[in-house]
Structures are given as structure tokens and as C-alpha cells.
Amino acid sequence: MGERDEPGTIGRRVQQLRVARGLTQKQLAEPVYTPAYISTLEAGRVRPSDDALRHLAERLGVEFDELATGRSARQVTEMRLRLTEAQRVLAVGEAESAVEQYTALLAEAEAQELPEEQAAALLGLGECALDTGELVDGRRYFEKAEERLADAPLPARVPALRGRAVAHYLAGELRYAVYLLESTIDELNRGGLHDPDALLLLYASVIGPYMDMGAHARAAQAAEFALALAPQSGDPALVARMHRSVARTLLAEGRLAEADASLAKAAELYRGLQLRTELANCHWMRGYVYAQNGELERAEAEMREALDMLSAARATLYSSQLTVELADVLHRRGRSEEAAELLRGVLGGLSPERGAVHAAAAHRLLGIIAEDARDTDQAEEHYVRALSLLERAGAAGDLADLCRLLGDLLRRTGRVEAALDAYRTGLGHRTAPGTTTLGPAPAQPPV
């Protein structure tokens with residue numbers, strides 16, 4: 001419960017409770033203490049021992065913790081139960097209701113000066129903000145949670161650090177997200193703080209930024225560590241999230257059946273936990289698996305199911321990102337006009353600060369559709385916009401492919417020098433696929 005209050009505060013509390021119960025100082029003191037001792041205590045001129053506080057708590061009909069700190073252990077337990085309920089509400093996709101619960105709990109925790117419960121409420125509000133795409137608010141909540149846990153061991157601070165990193169990742173700040181995650185992994189492993197849940201959360205979260213940066217080797221290594229740590233984790237939600245992230249690296253290696261199996265495991269776990277947003281992401285990734293394997297009809301079905309679930313959960317940023325990938329499937333199925341309409345509708349919800357990589361993907365696909373329609377000016381405009389977004393995000397793997405598309409377009413329109421510049425830029429990113437800017441890999445866990 002933390003340290004007890006100052007003697008003056010305890011004395012006033014004892015006096016208020018004694019008067020409220022109609023007891024005299026003599027009645028409160030008997031049979032162990034004297035009325036003079038109670039008078040001195042209530043005046044704040046003596047620091048009561050634990051034995052004295054236990055005697056007074058029993059006579060006043062309150063708990064020791066409540067008398068010593070003003071906080072009831074029962075109240076704290078009930079607050080933690082409500083925090084768990086708010087977490088469940090968020091997990092089933094009801095972010096707005098969860099925000100209301102977390103906001104009320106935060107106010108209570110602040111009033112009772114409970115830093116751990118404040119941090120838990122702030123973490124919940126941060127996760128709500130990630131779900132709804134309010135990335136600046138989310139980052140602020142996670143930063144405040146870190147402040148509340150400043151004196152806690154590093155494993156306890158990992159969820160807040162990871163949340164901040166994910167907010168930067170979704171905003172397109174890939175390198176900074178990787179820096180936050182890698183430096184935390186390194187500190188845990190070098191310090192011998194081999195907490196399985198903390199490491200699993202970090203390794204699962206760093207796979208996405210690695211993949212978008214083209215650092216496939218590091219993504220694969222992170223996936224291997226995550227898989228090795230999974231049996232040690234007591235959190236099925238973490239294991240499910242890990243399986244979904246690992247699927248991305250399996251896809252990069254062409255191991256489609258294994259990726260699908262990993263996603264099926266995640267979906268089963270999330271279904272049991274009723275985590276609708278995460279379950280939607282599993283359908284999303286399964287759709288991506290099918291798309292990579294050329295099974296476009298199945299890919300569309302999975303992605304539409306995921307989009308319905310995310311829309312119901314009002315997870316606007318994730319919905320926008322998924323819509324871009326669904327549009328790609330529709331384009332490959334010959335429904336380019338429908339794909340373009342989806343992309344134009346979703347671009348308003350994406351920006352350099354909010355989903356930069358997927359905004360670039362939307363412009364890239366609109367450029368391809370414009371090229372197919374022989375509108376080279378429009379195609380070039382979309383490619384240039386995509387290039388700017390990817391350069392800002394540092395998504396090296398996607399940059400190389402986009403430079404090839406832009407170079408081909410410039411060459412076909414007779415601008416050979418400009419085409420050569422685009423190709424050279426792309427080759428630079430292809431030869432250094434996101435790893436040269438990352439520095440040394442973090443220390444490895446003992447797995």
C-alpha cells in the first residue's frame with residue numbers, strides 16, 4: 001500500500017473517525033493506552049506504532065491500511081477488478097465505453113494517490129487511443145503511465161514503453177519505434193531481467209516495424225525469440241498477439257502454410273478471450289496470407305470480415321489500413337474502379353503523422369490504377385506523394401519497389417535522366433534494406 005501518512009494526517013483521521021462513532025478518547029484508548037496518548041496522537045505530536053494503529057483500527061472498525069494511509073485495501077481490490085473489467089470491455093471492441101470506465105478509474109486513483117492503478121488506467125486509455133487512431137493522445141497517455149511507474153522495475157514499465165513505440169510506429173516513425181523497442185529489449189537482457197511476458201510483448205511488437213523497414217533478418221530473429229518465449233508466458237493474449245506477428249515473417253520467407261497455421265492459433269486464442277479487435281486483425285492477416293498465395297476470393301472474404309469487425313469496434317485507423325490492403329485485392333481481381341473508390345475514401349483518414357506507410361500504399365496503388373488507365377500525370381503525382389511518405393517513415397523495402405515503378409514511368413515518358421535518378425535511389429534502398437541504420441542488434445535472451 002506504500003508508506004503511511006504523516007503523524008498530523010493520521011491524528012486528524014483518528015479524531016474524525018472517533019467523533020463520527022461517538023467515542024471518547026478514554027473509550028478509544030482502553031484497555032491498552034491512556035486518554036493522554038490519544039490526545040497527543042490526535043494532535044499529531046507522536047508517530048503511532050503499528051501495534052497502536054492496529055488497536056485503534058480495531059476499536060474504530062476500519063482496516064489498518066485505511067487508518068495508516070486513508071486508503072482501504074478493499075477499495076483498491078475493487079478498483080483493480082473494475083480495471084480488469086474495463087480491459088475486457090476494450091478487448092471486445094467497445095472502446096468508447098472503455099474510455100468512460102478508464103477515465104473514471106483514473107480520477108479515483110488520483111484522488112486516492114494510487115500510482116500503480118493510475119498507470120493501469122492510463123495504459124488502458126492509451127490502448128483505447130491506439131484503437132481509435134488518436135495517436136498523439138495515445139502517446140501522451142503512455143508517457144504519463146511511464147511517469148507514474150518511474151520507480152518500478154523495468155518489466156513493469158514495458159507495457160507503457162511498448163505502447164509509446166506502437167504509437168510512433170503507427171504514425172510512420174519506424175526508426176524511433178524500433179529504437180524504443182530495441183533499447184528496452186537490450187536493457188532487459190543485459191540486466192538479466194528475463195521476464196517472459198515483457199520480452200514476448202516487445203519481440204512481437206518489433207516485428208511490424210522491422211518488416212516495414214525491410215529488415216527481414218531481424219524480423220525473423222525476433223519471431224524465433226518470440227516463439228521460444230511463448231511457452232513461458234502465462235498470458236494467452238500475448239501468445240495470440242505473438243502468433244499474429246510471427247506470421248508476417250513466415251510470409252516474407254514464403255512459408256505460407258506455416259503462417260496460416262500461426263494465424264489460426266492466434267484466432268483460436270482470441271476467440272476464447274473475446275478480443276474482437278485482435279481477432280479482426282487475425283482475419284486481416286489471414287486475408288493477407290491468401291492474397292500472397294493468389295487465393296484472392298478467400299483473401300477478400302477474410303478482409304471484409306475483418307473490416308466489419310473493426311468498423312463495429314470503431315477502430316478507425318486499423319480500418320483505414322485494412323481498406324488499403326482490401327483495395328489491392330480488388331484491383332488484382334480486376335475491380336480497379338471499386339478499389340480506387342475505396343482508396344480515395346480512406347486517404348482522408350491517413351496522413352504522414354497517422355498511418356504514413358499505408359497512406360503511401362494507397363497512393364502507390366492509385367498510381368498503378370492511373371497508369372493502367374494511361375493517365376501518366378496522375379500516376380506520377382501519386383508515386384511522388386507515396387515516395388515522400390515512405391522516405392519520412394524510413395520504409396526501405398517499400399521505397400525500393402516504388403522507385404522502380406516511378407523510374408519505369410519516367411522512362412516510358414522520355415525522361416531518362418529523371419528515371420535513372422529514381423532507379424539509383426531505389427538501388428540504394430535495396431542494397432541497404434533497413435539494417436544499416438539500426439545499429440547493433442540488441443542483446444539476446446537466454447532461450
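Cut-offs and rules
- Every chain is numbered independently, its residues counted from 1 as its sequence is written.
- Only residues with pLDDT of at least 70 get local features here, since the model is predicted, and only at 80 or more are side-chain atom pairs given and counted; chain-wide, interface and lining totals rely on the full set of residues.
- Processing note: side-chain calculations cover all non-hydrogen atoms of the structure and skip hydrogens and water entirely.
- UniProt positions are given in the numbering used here, feature names are shortened, and annotations may be inferred rather than shown by experiment.
- Helical segments are the DSSP runs of H or I of at least four residues, strand segments are the runs of E of at least two, and each set is numbered from the N terminus.
- In this description, a nonpolar core means a group of buried Ala, Val, Leu, Ile, Met, Phe, Trp, Tyr and Cys residues linked to one another through side-chain atoms lying within 4.5 Å.
- Throughout, exposure labels follow a simple rule: accessible area from a 1.4 Å probe, protein chains only, divided by the maximum for the residue type, with under 20% read as buried, over 50% as exposed, and the rest as partly exposed.
- We call two residues in contact whenever any of their non-hydrogen atoms come within 4.5 Å of each other.
- Here the arc refers to the directions that run from the helix axis out to each C-beta atom.
- Fitting a line to C-alpha atoms yields each axis, with helices limited to the stretch in contact; the angle taken between N-to-C directions then spans 0 to 180 degrees.

K.L.:
Help me out: how do you make sense of the UniProt feature "domain: HTH cro/C1-type" (unreviewed entry) in the protein chain in this one?
P.N.:
Look at the UniProt record and you will see "domain: HTH cro/C1-type" (unreviewed entry) annotated at residues 14-67. Each end of residues 14-67 is marked by a C-alpha atom, and these two atoms are 7 Å apart; helix forms 65% of the span and strand 0%.

K.L.:
Help me understand the nonpolar core in this model?
P.N.:
The tendency in soluble globular proteins is for nonpolar side chains to be buried as a group. Residues Tyr102, Leu170, Tyr203, Met242, Leu343 and Tyr383 are the most contacted members of the largest nonpolar core, which totals 124 residues. A per-element tally of this core places helix H12 (residues 196-213) first, with 12 residues. Among all residues touching Tyr203, those that are not within four sequence positions of it are Ile185, Asn189, Ala222, Phe225, Ala226, Leu229, Ala443, Gln444 and Pro445. Listed in part, the 14 residues of the second largest apolar core include Leu53, Leu56, Leu60 and Val62.

K.L.:
I tried to follow helix H3 (residues 35-42) on my own but got confused; where do I start?
P.N.:
For an α-helix the count is 3.6 residues per turn, leaving residues at separations of three or four pointing the same way. Buried residues of H3: Ile38, Leu41 and Glu42, and no others. Projection of H3 onto a plane perpendicular to its axis shows the buried side chains occupying an angular sector of 95°, all on one side. The secondary structure elements touched by the buried residues of H3 are helix H1 (7-20), helix H2 (25-29) and helix H4 (50-60). Downstream of H3 by a residue or two, Gly44 has a phi angle that is positive, lying close to 80°.

K.L.:
What should I look at first to understand the packing of helix H8 (residues 115-132) against helix H18 (residues 316-332) in this one?
P.N.:
In a packed pair of helices, the relevant descriptors are the angle between the two axes and the axis-to-axis distance. The geometry of H8 relative to H18 is characterised by a closest axis approach of 4 Å and an angle of 35° between their N-to-C directions. When H8 is examined against H18, the residues Leu130, Asp131 and Thr132 are found in contact with a partner set consisting of Thr316, Leu317 and Tyr318.

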